[in-house]
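If you want the building blocks of each chain, they are given just below.
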2 protein chains.
Amino acid sequence: MALIVQKYGGTSMGSPERIKNVARRVARFHAEGNQVIVVVSAMSGETNRLIALAKELQASPDPRELDVMISTGEQVSIGLLCMALRDIGVAARSYTGAQVPILTDSSFGKARILEIGDSAIRRDLEAGRIVVVAGFQGVDAAGNITTLGRGGSDTTGVAIAAALKADECQIYTDVDGVYTTDPRIVSEARKLDTITFEEMLEMASLGSKVLQIRSVEFAGKYKVKLRVLSSFAEEGEGTLITVEGDKPMENPIISGIAFNRDEAKLTVLGVPDRPGIAYQILGPIADANIDVDMIIQNIGYDGATDFSFTVNRSEFEKAKAVLEGVLQHIGGREIMGDNRVCKVSAVGVGMRSHPGVASQMFRVLAEEGINIQMISTSEIKISVVLDEKYLELAIRVLHRAFGLDKA
Amino acid sequence: MALIVQKYGGTSMGSPERIKNVARRVARFHAEGNQVIVVVSAMSGETNRLIALAKELQASPDPRELDVMISTGEQVSIGLLCMALRDIGVAARSYTGAQVPILTDSSFGKARILEIGDSAIRRDLEAGRIVVVAGFQGVDAAGNITTLGRGGSDTTGVAIAAALKADECQIYTDVDGVYTTDPRIVSEARKLDTITFEEMLEMASLGSKVLQIRSVEFAGKYKVKLRVLSSFAEEGEGTLITVEGDKPMENPIISGIAFNRDEAKLTVLGVPDRPGIAYQILGPIADANIDVDMIIQNIGYDGATDFSFTVNRSEFEKAKAVLEGVLQHIGGREIMGDNRVCKVSAVGVGMRSHPGVASQMFRVLAEEGINIQMISTSEIKISVVLDEKYLELAIRVLHRAFGLDKA
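Residues numbered from 1 in each chain as written. Chains lettered and ligands numbered in written order. Predicted model: local features only at pLDDT ≥ 70, side-chain atom pairs only at ≥ 80, totals over all residues. Heavy atoms only, no water.

Description of the overall build of chain A
Argument step 1. The secondary structure content of chain A amounts to 12 helices and 18 strands.
Argument step 2. Relative to the globule expectation of 22 Å for 407 residues, the C-alpha radius of gyration of chain A, 24 Å, shows essentially globular dimensions.
Argument step 3. Overall, the C-alpha framework of chain A stretches about 75 × 55 × 35 Å when taken along its three principal axes.
Argument step 4. The buried share of chain A, taken over its 407 residues, is 55%.
Argument step 5. Pairs at least 24 apart in sequence give 74% of the contacts found in chain A among residues at least 6 apart.
Argument step 6. Summed over its atoms, the accessible surface of chain A is roughly 17,500 Å², and 49% of this surface lies on carbon and sulfur atoms. (Helix = DSSP H or I, 4+ residues; strand = E, 2+ residues; numbered from the N terminus. Rg over C-alpha atoms; globule rule 2.2 N^0.38 Å. Buried < 20%, exposed > 50% of the residue type's maximum accessible area, 1.4 Å probe, protein only. Contact = heavy atoms within 4.5 Å. Areas by Shrake-Rupley, 256 points an atom, 1.4 Å probe, with all protein chains shown as cover.)

Details of the packing of helix α2 (residues 46–57) of chain B against helix α3 (residues 63–70) of chain B
Residue and element names in this part refer to chain B.
Argument step 1. Remark: α2 packs on α3, axes separated minimally by 10 Å, with the N-to-C direction vectors making an angle of 140°. What the angle tells us is that α2 and α3 run oblique. Note on packing geometry: the crossing formed by α2 with α3 is right-handed. Listed contacts from α3 to T47, L50, I51, L53 and A54 of α2 are L66, M69 and I70. (Axes fitted to C-alpha atoms, helices over the stretch in contact; angles between N-to-C directions. Parallel < 35°, antiparallel > 145°, perpendicular 65-115°, else oblique. Left-handed = near helix turned anticlockwise from the far one by under 90°.)

Observations concerning the interface of chain A and chain B
Argument step 1. Facing 40 residues of chain A, the contacting portion of chain B comprises 40 residues.
Argument step 2. Ranking the residues of chain A by area buried against chain B places L57, E65 and M83 of chain A at the top, with a combined share of 22%.
Argument step 3. A salt bridge links D62 of chain A to R86 of chain B, with the shortest nitrogen-to-oxygen separation between them at 3.1 Å.
Argument step 4. Put simply, chain A and chain B have 14 residue pairs in polar contact (both at pLDDT 80 or more) between them.
Argument step 5. Residue assignment for the side of chain A that touches chain B shows that the elements contributing at least two residues are α1 (16–31), α2 (46–57), α3 (63–70), α4 (72–87) and β3 (92–95) of chain A.
Argument step 6. Residue contributions to the side of chain A that touches chain B peak at 11 residues, all from α4 of chain A.
Argument step 7. Among the residues forming the side of chain A that touches chain B, the class breakdown is 20 nonpolar, 10 polar and 10 charged. (Buried area = accessible area lost by both parts, 1.4 Å probe. Salt bridge = Lys/Arg side-chain N within 4 Å of Asp/Glu carboxyl O. Polar contact = N/O pair within 3.5 Å; in protein donor to acceptor, adjacent residues only side chain to side chain. Nonpolar A, V, L, I, M, F, W, Y, C, P; charged D, E, K, R; others polar.)

Examining the sheet that holds strand β13 (residues 256–272) of chain A
Residues and elements named next belong to chain A.
Argument step 1. Taken in spatial order, the six strands make up an open sheet running β14-β15-β13-β16-β18-β17, and their pairing is antiparallel. Looking at the sheet topology across the chains shown, the edges are occupied by β14 (292–297) and β17 (374–378). Put simply, the sheet's adjacent strands are angled 30° from each other on average, direction ignored.
Argument step 2. Both β13 and strand β16 (residues 334–347) contribute to a ladder of 11 bridges, which runs antiparallel. (Pairing = 2+ DSSP bridges.)

What about helix α9 (residues 277–287) of chain A?
Residue and element names in this part refer to chain A.
Argument step 1. Inspection of α9 places I277, I281, L282, G283 and I285 among the buried residues, and these make up the whole buried set.
Argument step 2. Check the buried side of α9 and you find it contacts β13, β14, β15 (304–312) and α10 (316–330).
Argument step 3. N289 sits one or two residues past α9 and shows a positive phi near 65°.

Notes on the sheet that holds strand β2 (residues 35–40) of chain A
Residue and element names in this part refer to chain A.
Argument step 1. Strand order in the open sheet made by the eight strands is β3-β6-β2-β1-β9-β11-β12-β10, with mixed pairing throughout. Taken across any chain shown, the strands that pair with only one partner, and hence form the sheet edges, are β3 and β10 (194–196). Strand-to-strand twist across the sheet, computed as the mean angle between neighbouring axes with direction ignored, equals 20°.
Argument step 2. With four bridges joining them, β2 and strand β6 (residues 130–134) adopt parallel strand pairing. If you follow V40 over to β6, its bridge partner there is A134.
Argument step 3. Packed onto the sheet, α4 meets β2, β3 and β6 and runs at close to 160° relative to β6.

Looking at the nonpolar core
Argument step 1. Ranked by size, the top nonpolar core spans 42 residues in total, and within it I37, I121, V133, I160, L211 and L226 of chain A carry the most contacts.
Argument step 2. Considering every element that reaches this core, the biggest residue donor is helix α6 (residues 152–163) of chain A, with five residues.
Argument step 3. When sequence neighbours within four positions are dropped, the list of residues in contact with V133 of chain A reads I37, V38, V39, V40, I78, Y95, V100, I102, I121, T156 and I160 of chain A.
Argument step 4. Core analysis: the next-biggest nonpolar cluster, separate from the first, contains 41 residues, V5, Y95, L148 and M200 of chain B among them. (Core = buried A, V, L, I, M, F, W, Y, C linked by side-chain atoms within 4.5 Å.)

Right, here's the structure in full:
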């Protein structure tokens, strides 16, 4: 008998019919002799509806009261799923975050989980009941309702699995696993049977929407066996997220090609090459609440250097205006920008032991006449910034060059 | 400095604009130096929407899970009202039933309040904050969410006022007080400045929709000063519900004329006049889940009697079929029914000391040629069943005869 945590997102819970489908799937796992804890999100669209309602009362809603309100979306979902389970004759009991309890800090809207009580849930599991837990929410030490931030239901699932030492945490979504790249761009893209936590983290931060980054970090930290599956397909093993070295076989050099289409690039030319210049440029950007992605500073020449970074395309104009305001103060010569760029990344833990990966990547792109504008690397990924017109071509040739189209 | 509990129903909370109106009214009381606790219902229509959703998952929804779901309506309301208050610069904090805590028994869907914790609320009040409490809901000793049943928010308001020994509990609704009768039928109907608990109870059970019966009972039991006011009018003292004898002046003989249009009458003719016959007739009616209102059995003659009762008109056919099924068994002769009758009642604590009220009522009706079909009395009310075509006429002449049109 295994203990399985299953998490279903808003799309899977999007209508009474879909909730009934979830109930049937959960009941099947239960009938096979497993103990099952289900974590659910609000019905799709509900959280946005509640936030819009809140903004009609207060332009910038009070964080504590917003959490009181938006946590109701998941509370409705747990009640509905328990009813659907009881309707097909399966005993089930719902838990809000406060009832579990999922103890968090008091950072409303972005609370961190501190501790999870497991005694009540265990009693229900031992009595043969399915336990249905509201995702995304918790309670602080003073009894205030908190929420974990967007995508927090994945984190709830992983945290519950860690606290109860579940055999597996299954994240059900609208795709049937993690792919070598987006199948809409490369038809030969393959579903991966396994991927390491580190790779999954890079894929998530590089634009893959399959799993929330925080839940992957959490699963890695607490060694939770995490699996991504489709809630719409009847069959399939999905993709298992593994700890590196768990398996005897050698890891592939590259596991996937990630990309981000919505990039923009900004360069300050001729800034003095002196300590503190990066802060002088990026401080005002951070103050304007603009997230910076890649940052590149090359060696200086004649006491001056060029400083480049990328931002989300929607913040390009705002970032440019900020830079123009400080250009004189920092002693730069000129600002250049390009909002028609994209980022393509090769990710794989195998590159640690294969130093030739970067040069292979650059050669493949060069052979297609694709100019590389910026390069950034980590231990297990190489990212390049390109003219956006080359996005699909670059993904296709890299996918083939690294053998990702072959099983 | 007074401590005031204000309760606002679903219509008062029906839209963001209306919630802002509630916030302004609450803030005004607070600015006048009062401590204010606000109890709110779900936005109008929300509870019905949630119940309909539940029924799509389970035809007869599990009571525990239904309470988990439908309690979210009030939870959204408390968040929204606190935001509206903060938006106009007033400190406020919301409480779910479980956070107060409002401890109830475990009868899901119709829970009774056992105890209310006041320490957290008192701390907020003393810090100058407005406290906003979700009506209709509580929590049982095991931490399960419970609801108090329809109209339960009135009861929450009164119970909070009793627990905190509030100076007054104000129930805001869409009428500006309790009237001598329905102003849509009698244009001379007057708003009452005061009415006793007993009278209010009779008015409520006789069809007046102003206050939920349970909350009036509760207020009477715990001596809560209860006032009904309009949430839409800017001015007005509403109607104060008083304890009899609180005031030096003499009570009026009759305080109001209540009525119910949806009545139906059933009579079993020629039943044996023997012990147990009432149970033999009404037992099957109760088993069929039909509520019985008035019951009349006159003295027998020649060992037989006639037995009459009234039901809601919508249950007339069902009740008639039940009686036809048992007629032979109870030894009755015939069943007569009339579903075009109504009930008109005169209510007043003054009739205790004025024995002529009933005969005055009968005379007034006789003078208009209105035949009385059934009569039922209590210490402070006289009800008659009439052909429904006389409803408006009977109310008008009684309203005038008892001097209710004069201030």
